[in-house]
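One letter stands for each residue in the lines below.
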Amino acid sequence: MAQKIIAGVTVDVTEEGYFTNPAQWTKELAMQIGIEENIQLSDKHFEILYFIRERFVKGEALTIRSIGNSGIIDIKGFYGLFPGAPMKKAAKIAGIPKPASCV
Amino acid sequence: MTNEEHPLKKVCIICAKGAIEDVYAALVMGNGAVMEGIETKLFFTFFGLDAITTKTMNSLHTGTVGNPAMRMPGGLPFPTLLGLIPGVEAGVSAMMRNQMEKLDIPPVKEFLEMIDAGGGEIYACKLAMDMFKLEKKDLWEGVKDVLTVGQFYEKCGGLQTQIIFT
């Protein structure tokens, strides 16, 4: 298992940079990972990040559709906030493991 | 040549069949590509047009005859003769759609909307449209264009591009 120092804090991550212990996540770390991913996190971003973390804790599958049905944002907006590969980026910034869902 | 040096940049997916499993194979591959940030183009032709035709898109069926992989809910083989009974195909198809819904796999229209929302592009085949006497107005409103094969290939150029036929 790899470790990474983000904003002065050592966290456990995978080779690809996904947290292996979501409890180590903080808002400050998210801001820093966001910068690495070229995303300046807004309140809207955090609403989504908290939603994603909540789903993860409950053991619910994380799908693009579930984000669209979250009431926080529609799918187009989600792609806009996390450009490129939104689910992976959001998971990385939210401090949870790499998404395992195909949808 | 490694995956890291040459990641996939564009996928062009062709769907030529209209059974649930054929259409969903194309939609899952397409949506998956969009989710990865890969430029995605889906081309529907022949019976695949059912998936983007307003009238048929949300009531696709799966064939219950001549499919050796078909199983009963308990896992026993599904006798082909049973598939001939009226209503069985509709029942099996409804069951499949229901199972997919449980996995958060959306109905066809919503799935296409998801792909579209992520920037994926949906196209229809001109030749097949002519053959089935379909017009653009018969298609789901998100269909970007009706293309000839040549026009589709023009959109499929570029390095690190793959064409997938489902």
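Residue numbers run consecutively from 1 along every chain, following the written order of its sequence. Chain letters start at A and ligand numbers start at 1, both assigned in the order the entries are written. Only residues with pLDDT of at least 70 are given local features in this predicted model, and only at 80 or more are side-chain atom pairs given and counted; all residues enter the totals for whole chains, interfaces and linings.

Asker: Let's hear about the overall build of chain B: which residues, and what values?
Answerer: Put simply, DSSP H or I for four residues or longer makes a helix, DSSP E for two residues or longer makes a strand, and each gets a number counted from the N terminus. In terms of regular secondary structure, chain B is built from five helices and five strands. Along chain B, from the amino end to the carboxyl end, the secondary structure elements read β-α-β-α-α-β-α-β-α-β. Against the 2.2 N^0.38 benchmark of 15 Å for 166 residues, chain B shows a C-alpha radius of gyration of 17 Å, consistent with a compact globule. Taken along the three principal axes of its C-alpha coordinates, chain B extends 50 × 40 × 25 Å. Here the C-beta atoms are placed from the backbone, and a residue counts as buried if at least 20 other C-beta atoms lie within 10 Å of its own, exposed if 12 or fewer do, and partly exposed otherwise. Residues classed as buried in chain B amount to 31% of the 166 residues present. A radius of gyration in this sense is built from C-alpha atoms; the matching globule rule multiplies 2.2 Å by the number of residues raised to 0.38.

Asker: Lay out the overall build of chain A in plain terms, naming residues and giving numbers.
Answerer: Helix and strand counts for chain A stand at five helices and two strands. The N-to-C order of helical and strand elements in chain A reads β-β-α-α-α-α-α. Dimensions of chain A along its principal axes, counting C-alpha atoms only, are 35 × 25 × 20 Å. Scored against the burial criterion, the 103 residues of chain A give a buried share of 31%. Nonlocal contacts in chain A, meaning residues at least 24 apart in sequence, comprise 50% of its contacts between residues at least 6 apart. This entry defines residue contacts through backbone-placed C-beta atoms, with two residues in contact when those atoms are within 7 Å.

Asker: Account for the confidence of the model for chain B, naming residues and giving values.
Answerer: Residue-level confidence of the predictor, termed pLDDT, takes values from 0 up to 100. Of the residues in chain B, 99% reach a pLDDT of 70 or more, and the chain-wide mean stands at 95. Model confidence for the complex is summarised by a pTM of 0.94, with the ipTM given as 0.92.

Asker: Can you break down the interface of chain B and chain A residue by residue, with the values?
Answerer: On the side of chain A, 14 residues touch chain B, which itself brings 13 residues to the contact. Every element with two or more residues in the side of chain B that touches chain A is listed here: helix 1 (20-35) and helix 3 (108-117) of chain B. By residue number, the principal contributor to the side of chain B that touches chain A is helix 1 of chain B, which donates four residues. Any residue outside Ala, Val, Leu, Ile, Met, Phe, Trp, Tyr, Cys, Pro, Asp, Glu, Lys and Arg is labelled polar, Gly included; the first ten of those are nonpolar and the last four are charged. Looking at the side of chain B that touches chain A, its residues break down into six nonpolar, five polar and two charged.

Asker: Describe the nonpolar core, naming the residues involved and giving the relevant values.
Answerer: As used here, a nonpolar core is made of buried Ala, Val, Leu, Ile, Met, Phe, Trp, Tyr and Cys residues. They are joined through C-beta atoms within 7 Å. By size, the foremost hydrophobic cluster in this structure holds 59 residues, and its most contacted members are A90 of chain A together with V23, F44, I52 and A124 of chain B. Not counting the four nearest positions on each side in its chain, V23 of chain B is found in contact with C15, G18, G48, A51, L60 and V108 of chain B.

Asker: Which residues make up the sheet that holds strand 2 (residues 39-44) of chain B, and what values do they have?
Answerer: Residue and element names in this part refer to chain B. Overall, parallel pairing links the five strands, which are arranged 4-3-2-1-5 in an open sheet. At either end of the open sheet lies a strand with only one pairing partner, and these are strand 4 (145-147) and strand 5 (161-165). In this sheet, neighbouring strand axes are inclined to one another by 25° on average, regardless of whether the strands run parallel or antiparallel. Strands are labelled as partners when DSSP assigns at least two bridges between them. When strand 2 meets strand 3 (residues 121-125), the two strands line up parallel, connected through four bridges. When the sheet's bridge partners are listed, K41 is paired in strand 3 with E121. Only C-alpha atoms enter the line fits that serve as axes; for helices the fit covers just the stretch in contact. Angles between N-to-C directions range over 0 to 180 degrees. In the packing of helix 1 onto the sheet, contacts are made with strand 1 (10-15), strand 2 and strand 5, and the angle to strand 1 comes to roughly 165°.

Asker: Explain unusual backbone geometry to me, using residue names and the numbers behind them.
Answerer: Residues and elements named next belong to chain B. Not every positive phi belongs to a glycine, and F46 is a case in point at roughly 40°. Here F46 shows up in the loop between strand 2 and helix 2 (88-102). Note on F46: 16 C-beta atoms within 10 Å, which makes it partly exposed. Backbone geometry at D104 places phi at a positive 65°, although glycine is not the residue there. Looking at the element boundaries, D104 is found in the loop between helix 2 and helix 3.

Asker: So what about the environment of I73 of chain A? Which residues, and what values?
Answerer: All names here are of chain A. With respect to the secondary-structure elements, I73 resides in the loop between helix 3 (64-68) and helix 4 (75-81). For I73, a count of 18 C-beta atoms within 10 Å puts it in the partly exposed group. With 28 residues separating them in the primary sequence, I73 and H45 have C-alpha atoms 9.8 Å apart. Not counting residues within four places of it along the chain, the set of residues in contact with I73 comprises K44, I48, I67 and F78.

Asker: So what's going on with helix 3 of chain B? Which residues, and what values?
Answerer: Of all the 10 residues making up helix 3 of chain B, seven are buried; the element is thus mostly covered by neighbouring parts of the structure. Taken together, the buried positions of helix 3 of chain B are occupied by V108, F111, L112, E113, M114, I115 and D116 of chain B. For helix 3 of chain B, the elements touching its buried residues are helix 3 and helix 4 of chain A together with helix 1, strand 2 and strand 3 of chain B. Count one or two residues on from helix 3 of chain B and you reach G119 of chain B, which has phi positive near 100°.

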